[in-house]
Amino acid sequence: QCRTKLSTTMGDTAHLRTVLSQTDMSQPAIQSSAAAMIKFYDKNAAPLAVSEWRSQLQSCRPDQLLPLLYVANEVLQTSKRNRGPKFLEAFAEVLGSSLRFVCERDRSIVEKVRRTAKIWGDRQVYSPRFVGQLLGGLEDLRGGGSSGGGGGPPLTSSAPSAASSAPAAASLTSAKRSVTD
C-alpha cells in the first residue's frame with residue numbers, strides 16, 4: 001500500500017509539473033494549475049506541491065512569471081477559504097524569495113506583484129505584518145522599467161540572514177498564527 005501511495009504521488013507530481021509548465025494568463029489555465037496543486041492538500045503533500053511550483057517558477061519563460069504568481073494566489077485564497085493552513089504555511093516559507101525572484105527577473109511587473117501581496121493582507125490570507133515584510137522585500141525594486149530579459153538570479157533559499165532571522169521568524173510565526181486565528 002505504501003508503494004502504491006508513493007507511485008500515485010509521483011504520478012501526481014509529474015502531472016502537476018506538466019500542468020504548471022503550460023500555465024498562461026488565461027483564467028482556465030490558472031484555475032487548472034491551481035486545482036492540480038490543491039489536489040495535494042488531501043494527500044498531506046502541500047509542501048511538495050509548493051516545491052514543484054517554485055521549481056517551475058525558477059525555470060519558466062518570462063511570460064509565465066505572472067500567471068504562476070496568480071496560480072499561487074488562487075491556491076492561497078482557496079486554501080484559506082475552504083481547506084486550512086497547509087498551503088499557507090508551505091507558501092509562507094518561500095514567498096519572500098519567490099516574489100523577489102519574479103520582480104528581479106521582470107521589473108515591469110513589480111507593481112502587479114505588490115498588488116497581489118496586498119490582496120493577501122486585505123483578504124486576511126496572511127497577517128498584515130507578514131504582508132508588510134513581503135512588500136518591504138520588494139521596495140528597492142519599485143520604479144519598474146524594462147524587463148530583465150529572462151535571465152535573472154537563481155531562486156535562492158528564503159532562509160533569512162543571521163542579521164534578520166529574528167524578525168523573519170516572528171513574521172513566519174505571525175503568518176501561521178493568522179491562519180489559525
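Each remark here, short or long, concerns the structure printed above.
Residues numbered from 1 in each chain as written. Predicted model: local features only at pLDDT ≥ 70, side-chain atom pairs only at ≥ 80, totals over all residues. Heavy atoms only, no water.

Draft legend 1. Inspection of the environment of Ser97 at higher detail. Structurally, Ser97 is set in helix α6 (residues 95–105). Here the side chain of Ser97 touches Val94 through a polar contact of 3.3 Å, landing on its backbone oxygen. (Helix = DSSP H or I, 4+ residues; strand = E, 2+ residues; numbered from the N terminus. Polar contact = N/O pair within 3.5 Å; in protein donor to acceptor, adjacent residues only side chain to side chain.)

Draft legend 2. Here's a closer look at the nonpolar core. Core analysis: the biggest nonpolar cluster contains 49 residues, and Met37, Trp53, Phe87, Phe91, Val113, Trp120 and Tyr126 have the highest contact counts within it. Residue assignment for this core shows that the elements contributing at least two residues are α1 (2–21), α2 (27–38), α3 (46–59), α4 (65–83), α5 (86–92), α6, α7 (110–122) and α8 (128–136). Among all residues touching Phe87, those that are not within four sequence positions of it are Met37, Ile38, Phe40, Tyr41, Ala46, Ala49, Val50, Val75, Leu76, Ser79 and Tyr126. (Core = buried A, V, L, I, M, F, W, Y, C linked by side-chain atoms within 4.5 Å. Buried < 20%, exposed > 50% of the residue type's maximum accessible area, 1.4 Å probe, protein only. Contact = heavy atoms within 4.5 Å.)

Draft legend 3. View of the pattern of salt bridges. A complete count under the given rule lists nine salt bridges for this structure. Between Glu104 and Arg100 there is a salt bridge whose closest N-O contact spans 3.0 Å. Residue Glu104 and its partner Arg100 are both found in helix α6; the two are separated by four residues, about one turn of the helix. What makes Arg100 partly exposed here is its relative accessible area of 23%. Put simply, Glu111, Arg114, Glu139 and Arg142 are held in one network by salt bridges that share partners. (Salt bridge = Lys/Arg side-chain N within 4 Å of Asp/Glu carboxyl O.)

Any functional reading would require information that these geometric values do not contain.
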